[in-house]
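If you want the building blocks of each chain, they are given just below.
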Amino acid sequence: MKNQILLIITLFTVFNVAFSQNTSQIFSNEGRDWYVSKNTGSGQLGTKERPAKDLGNILHHLKANDRIHVAEGVYLSKGARGSDEINVPVKIYGGYDATFSKRDPWGEHKSIFTGTNEYMKLTTPRIYIRTDQQRESNGQKSMGSEIIVDGIIIDNGPRNRYHTDKNLAIRRMANPKTGKNPSPESGGIVIVGSKYTNIAVLNCVVMNTAPTEGAISVRVFEGGKGVIQNNFTINNTGYGIHARTGYMGTDATKLPVFKIKHNTSLFSWKHDAVASYGGDALAFDQNLIATVENNALGFGHMGGIYNKGAKLTMINNLFTGNGKYDYKEINDKMAVADILDEAMHIDPNSDGNQSMMIKISVAERWANIYGNRKEISRADVDAAVTVSNSGANQLRSMLGLNVQGGAVAMDAEIFLPLITIDEALPAGIFPWQGMGCNIPKYVAK
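Enquirer: I'd like a description of the sheet that holds strand 12 (residues 189–192), backed by residues and values.
Expert: Across the sheet, nine strands lie side by side as 4-7-12-15-18-21-24-27-28; this open sheet has mixed pairing. This sheet does not close on itself; its edge strands, each paired only once, are strand 4 (84–86) and strand 28 (332–334). Ignoring strand direction, the axes of neighbouring strands in this sheet form an average angle of 10°. As paired strands, strand 24 (residues 303–307) and strand 27 (residues 325–329) are joined by four bridges and run parallel to one another. Its bridge partner lying in strand 27, Tyr306 is registered against Lys328.

Here it is, written out as structure tokens:
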């Protein structure tokens, strides 16, 4: 018995020493600043005077708490592979001018992360930060610190494979004969933290991605917090924004906590034309707590919010043009007017959520394609519709198109049609009565 007690004490001591060494190394490492410029960069020094040409070229140099500043330009990653994976907590700031003295990430100085569709290129998330499993060179797992992605535009359009190269419908299978990759079944910004790690995604645009889950996906673990604020997702499959948990325990005091504010999520498609999953502007795992405030959640093929069991406080959110529901808990579908009466996982102090018709400032070319597509599903587009602002003519009106006296007319070969950055951004630069994202404004870091 004495030996067993000594063994337990020894193991406990070893664990505490290892944990304190690990966290002290993470928190004591102040990190360095890296600079990346597609137009002026070369080599791997990554200084302001000699920036690297692409983030992908310096991934193997990054350490915990490093800060990466990305100038304007179009970035394809190392070898045009179309995906950057980072396994330590870092901060990425985009939208700088060539001198790194000004930032305008949705305007004059866009940092655009994309790729190409070539056979055997990567199909993993465009920006993938994961610190929950990968061990650093010292053999210890990253834990704690902070992860930030701020001011990046993700456009997966060039990475997708489109049917007959017409940019109207994606294909999820490769075509080796023509040298085509499948459309990547992954999000644009996917972050998986570790214990005690805070994560923020700010002022980003994600478009033309085809994931099963989130175009923006943030997974927070025990002791961590997540902030998803002033982002714009448009024309993605799965969920526009996905708040996820890495905590599977039963202690309510350890649940991850999210703040999801002032985001606009539009045109979230189902996984495929006949799927019964995906197609929500915003989705939540169970085992987390979130404040959801001043977001614009519209044109989800299925709905606005899909809540799998999270504890939500919802304040002043806009729901519009969603296909089957505004809010769903497990299998209960609700219009926004019924949420406070019927939802089980909503704080009773929630207030100000509303549905209204709005004008969407997307380009007429794309609006015509979307507004005239033919909708199909396993059950006649799930006949039971519980939301307003979802009829074909209401949809056309919100897109600025002439109303028609019939059903939509184009064939089912329209699915996630390519929208360009210039066509999409006007729909995300101004909020509706304070709900939704706005043009980012800040000084250079």
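Enquirer: Residue-level account of the pairing of strand 20 (residues 264–269), with values.
Expert: Judged by how many residues are buried, strand 20 sits mostly within the fold: six of six residues are covered. When strand 17 (residues 232–237) meets strand 20, the two strands line up parallel, connected through five bridges. Bridge assignment links Asn236 to a residue of strand 20, and that residue is Ser268. The sheet contact formed by strand 20 and strand 23 (residues 296–298) spans three bridges and is parallel. The residue of strand 23 that forms the bridge with Ser265 is Leu297.

Enquirer: A description of the environment of Asn349 should follow, citing residues and the corresponding values.
Expert: Residue position: Asn349 is located in the loop between helix 2 (339–342) and strand 29 (354–355). The sequence separation of Asn349 and Ile315 amounts to 34 residues, and the corresponding C-alpha distance is 8.6 Å.

Enquirer: Tell me about the pairing of strand 25 (residues 311–315), and name the residues and values.
Expert: Within a regular beta strand, the side chains point alternately toward one face of the sheet and then the other, so they alternate between its two faces. Judged by which residues are buried, strand 25 turns out to be one-sided: Leu312 and Met314 face inward and are buried, whereas Lys311, Thr313 and Ile315, on the alternate face, are not. Alignment of strand 22 (residues 289–293) against strand 25, held across five bridges, turns out to be parallel. The residue bridging Thr291 from the neighbouring strand is Thr313, located in strand 25.

Enquirer: Kindly report on the pattern of salt bridges, identifying the contributing residues and their values.
Expert: Counting across every chain of the model gives 12 salt bridges. Between Lys180 and Asp165 there is a salt bridge whose closest N-O contact spans 4.0 Å. Taken as a pair, Lys180 in the loop between strand 11 (170–171) and strand 12 and Asp165 in the loop between strand 10 (161–162) and strand 11 lie far apart in primary sequence, 15 residues in all. The partner of Arg244 in a salt bridge is Asp285, with the nearest N and O atoms 3.3 Å apart.

Enquirer: Lay out unusual backbone geometry with the relevant residues and their values.
Expert: Despite not being glycine, Asn287 has its phi angle at roughly 60°, a positive value. Here Asn287 shows up in the loop between strand 21 (280–284) and strand 22.

Enquirer: Explain the confidence of the model for the protein residue by residue, including any values.
Expert: Caution is warranted with low-pLDDT regions, since their predicted coordinates should not be read in detail. With 85% of its residues at a pLDDT of 70 or more, the protein shows a mean pLDDT of 88. Note on residues 405–411: pLDDT under 50 across the span, and 13 contacts to partners over four residues away in sequence or across chains.

Enquirer: I'd like to hear about the packing of aromatic side chains, residue by residue, with values.
Expert: If you walk through the whole model with that rule in mind, you get 10 aromatic pairs. An angle of 20° between the planes, with centres 5.2 Å apart, marks the rings of Trp366 and Tyr370 as stacked. Of the two residues, Trp366 and Tyr370 both sit in helix 3 (residues 364–371), four residues apart, roughly one turn of that helix. Since its relative accessible area comes to 0%, Trp366 is described here as buried. Here the aromatic cluster, defined as three or more aromatic residues joined through ring pairs, consists of Phe267, Trp269, Phe299, Trp366, Tyr370 and Phe415. Here the guanidinium or amino end of Arg103 rests over the ring plane of Tyr96, the centre of that ring lying 5.1 Å away. Between the NZ or CZ atom of Lys328 and the centre of the ring of Tyr306, over which it lies, the distance is 4.8 Å.

Enquirer: Let's hear about the sheet that holds strand 26 (residues 318–320): which residues, and what values?
Expert: The strand order 3-6-9-14-17-20-23-26-29 describes an open sheet built from nine strands, whose pairing is parallel. Edge positions in the sheet fall to strand 3 (73–75) and strand 29, since each has one partner strand and no second.

Enquirer: Lay out the nonpolar core in plain terms, naming residues and giving numbers.
Expert: Among the nonpolar cores identified, the biggest contains 61 residues, and Ile92, Phe284, Ile305 and Leu312 are the most heavily contacted of them. For this core, the element with the highest residue contribution is strand 15 (residues 214–220), accounting for four residues. If we ignore the near neighbours within four places in the chain, the residues touching Ile305 are Asp280, Leu282, Phe284, Val292, Leu297, Leu312, Met314, Phe319, Tyr325, Asp326, Tyr327 and Lys328.

Calculation rules
- Residues numbered from 1 in each chain as written.
- Predicted model: local features only at pLDDT ≥ 70, side-chain atom pairs only at ≥ 80, totals over all residues.
- Heavy atoms only, no water.
- Pairing = 2+ DSSP bridges.
- Helix = DSSP H or I, 4+ residues; strand = E, 2+ residues; numbered from the N terminus.
- Axes fitted to C-alpha atoms, helices over the stretch in contact; angles between N-to-C directions.
- Buried < 20%, exposed > 50% of the residue type's maximum accessible area, 1.4 Å probe, protein only.
- Salt bridge = Lys/Arg side-chain N within 4 Å of Asp/Glu carboxyl O.
- pLDDT = per-residue confidence, 0-100.
- Contact = heavy atoms within 4.5 Å.
- Phe/Tyr/Trp six-rings, centres within 6.5 Å; stacked < 30°, edge-to-face > 60°.
- Lys NZ or Arg CZ within 6 Å of the ring centre and 35° of its normal.
- Core = buried A, V, L, I, M, F, W, Y, C linked by side-chain atoms within 4.5 Å.

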